[in-house]
Amino acid sequence: MAKDLTNSGVERQNILNNHYALSKAEEHLGLGGIEFKGEYVFTKQQVMELFAISDATVERYISAHSEELRSNGYTLLKGKNLKEFKGIYDVTLTNEGSKVSLLGVFNFRAVLNLAMLLTESERAKAIRSRLLDIVLDVLAERVGGKTTYINQRDEHYLLAAYQEEGYRKQFTDALDNFVEGNQYKYGRFTNLIYQSIFRENAAEYRQILNLKEHNGTRETMYSEVLTLIASYESGIAHELERESQSLGRKLTQKETAALFKSFEAHPLFKPLILNARTKMASRDLCFRDALHQRLEAYIQSVPQGDFERFLGETSKSLEERLSDPETLAVFKRLKDR
């Protein structure tokens, strides 16, 4: 989907939190700057020249987006830091005057932040376009061009998937033993779990992620979502058995649906559901360009740690993990319990 960085704080922050994309952008954009304390910084005058904008325009954006720009590297130099900066750069060239006691500077990240905000600058527009290309290039390079199974690059995925499979068996056995009905009950009550956690049934979820027939639904889910599904399956299996034994018979499907409603209302699940919805909606928009409209209110920028988790050195494809002797040893121990 088309991304308008000037209007979306989430999309801007997703780029600024992606240090792999920022590293490549710094390498390819060649914006210049002054080296200071291990990074390149830009004075207001340099920013004005870079984007061909006025002093008043820079000040207007700093005022309107102060919190965002400061959190991404815009800072005011004063005291010792300003003195050191004056030692390597003549501030009189910035139209600030030699007696200035405060000097605002942008690091590279903050300059990109400003470029994603500016609507008056053609140069900023060109940088935004290039940034989006760089983000796609980095994603393709680090995950092999496909994001359908980016969730599996998380080191926690395999264990979560393995454990969920066991709880899935408990759940389907409970449906067999304690609930009336034919084979369609498995799909119906599985969808009730999905709808409770992320407000979509299996078909809707697959459509949003554009999954093909051979793509397994749960194989695309994040470890936190799988763990919560497993908790539901284990807990509901227990409740079905207890209720069936109390009544001395199998439950009707209507009774089972009512039990699901009661179960999902337990306060225990509220923070877990909030976490699962936020992670699914935010990560899918960032990494898969997939929008869960029913979870739109839960979308946040993806934290820096998630880029390391799914794109970094600790992330691996499922094939790589399954060929790792240490991973196989862990699963053997779990199986032998």
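Here the structure is a predicted model, which means the values were calculated and not measured.

Colleague: Is there a simple way to explain the overall build of the protein in this structure?
Modeller: When helices and strands are tallied, the protein shows 17 helices and four strands. Relative to the globule expectation of 20 Å for 337 residues, the C-alpha radius of gyration of the protein, 26 Å, shows a markedly less compact shape. In terms of its C-alpha atoms, the protein occupies a principal-axis envelope of roughly 90 × 40 × 40 Å. Looking at the protein as a whole, 47% of its 337 residues are labelled buried. About 17,500 Å² of surface is accessible on the protein, with carbon and sulfur atoms providing 49% of the total. Averaging the positions of the 46 positive and the 48 negative side-chain charges in the protein gives two centres separated by 3 Å.

Colleague: Mind showing me how you'd approach the sheet that holds strand β4 (residues 103–107) here?
Modeller: Remark on secondary structure: sheet strands pair via backbone hydrogen bonds, oriented parallel or antiparallel. Read across the open sheet, the four strands follow the order β1-β2-β4-β3; overall the sheet is antiparallel. With one partner strand each, in any of the chains shown, β1 (34–36) and β3 (74–77) form the two edges of the open sheet. Ignoring which end each strand starts from, the neighbouring axes of this sheet average 45 degrees apart. Bridge analysis of β3 against β4 gives four bridges, and the strand direction is antiparallel. When the sheet's bridge partners are listed, Tyr74 is paired in β4 with Phe106.

Colleague: Looking at this structure, I do not really get the nonpolar core. What am I missing?
Modeller: It is characteristic of soluble globular proteins that their nonpolar side chains tend to be buried jointly. Judged by nonpolar contacts, the single largest core of 86 residues is most densely connected at Phe51, Phe106 and Leu112. If near-sequence neighbours (up to four positions away) are discounted, Phe106 is found in contact with Tyr40, Val41, Phe42, Lys44, Val47, Val58, Ile62, Gly73, Tyr74, Val111 and Leu114. With nine residues, the next largest nonpolar core counts Phe36, Val41, Tyr89 and Val105 among its residues.

Colleague: It is not clear to me how the pattern of salt bridges should be interpreted in this structure. Could you clarify?
Modeller: Pairs may arise between side chains of opposite charge once their charged atoms sit close together. Summed over all chains, the structure comprises 22 salt bridges. For the salt bridge of Glu59 with Lys44, the shortest nitrogen-to-oxygen distance reads 2.7 Å. One end of the pair, Glu59, is in helix α4 (residues 55–64); the other, Lys44, is in helix α3 (residues 44–51), and 15 residues separate them in sequence. The exposure class of Glu59 is partly exposed, given its relative accessible area of 34%.

Colleague: Got a minute to help me understand the side chain of Glu224 in this structure?
Modeller: Checked against the element boundaries, Glu224 lands in helix α12 (residues 223–247). Not counting residues up to four positions away in its chain, the partners in contact with Glu224 are Asn275, Lys279, Arg283 and Arg309.

Colleague: I tried to follow the packing of aromatic side chains on my own but got confused; where do I start?
Modeller: Two descriptors summarise a pair of aromatic rings, namely the distance from one centre to the other and the angle between the planes of the rings. Following the criterion strictly, the structure yields 12 aromatic pairs and no others. With a centroid separation of 5.7 Å and an interplanar angle of 70 degrees, the aromatic rings of Tyr222 and Phe310 are classed as edge-to-face. One end of the pair, Tyr222, is in the loop between α11 (202–208) and α12; the other, Phe310, is in helix α15 (residues 304–311), and 88 residues separate them in sequence. Phe310 carries the same exposure label as Tyr222, and that label is buried.

Colleague: Before we go on, may I ask you to explain the packing of α12 against helix α14 (residues 270–287) in this structure?
Modeller: Helix-helix packing is described using two parameters, namely the angle between the two axes and the distance between the axes. In the contact formed by α12 and α14, the axes pass within 9 Å of each other and the chain directions differ by 145 degrees. The two elements α12 and α14 cross, and the hand of that crossing is left-handed. Residues Glu224, Val225, Leu228 and Tyr232 of α12 touch α14, and the partners they reach there are Leu272, Ile273, Asn275, Ala276, Lys279, Met280 and Arg283. Along the lines of polarity and charge, the residues of the contact of α12 with α14 split into seven nonpolar, one polar and three charged.

What counts and what doesn't
- Residues numbered from 1 in each chain as written.
- Predicted model: local features only at pLDDT ≥ 70, side-chain atom pairs only at ≥ 80, totals over all residues.
- Heavy atoms only, no water.
- Helix = DSSP H or I, 4+ residues; strand = E, 2+ residues; numbered from the N terminus.
- Rg over C-alpha atoms; globule rule 2.2 N^0.38 Å.
- Buried < 20%, exposed > 50% of the residue type's maximum accessible area, 1.4 Å probe, protein only.
- Areas by Shrake-Rupley, 256 points an atom, 1.4 Å probe, with all protein chains shown as cover.
- Lys, Arg positive; Asp, Glu negative; His and termini not counted.
- Charge placed at Lys NZ, Arg CZ, Asp CG, Glu CD.
- Pairing = 2+ DSSP bridges.
- Axes fitted to C-alpha atoms, helices over the stretch in contact; angles between N-to-C directions.
- Core = buried A, V, L, I, M, F, W, Y, C linked by side-chain atoms within 4.5 Å.
- Contact = heavy atoms within 4.5 Å.
- Salt bridge = Lys/Arg side-chain N within 4 Å of Asp/Glu carboxyl O.
- Phe/Tyr/Trp six-rings, centres within 6.5 Å; stacked < 30°, edge-to-face > 60°.
- Left-handed = near helix turned anticlockwise from the far one by under 90°.
- Nonpolar A, V, L, I, M, F, W, Y, C, P; charged D, E, K, R; others polar.

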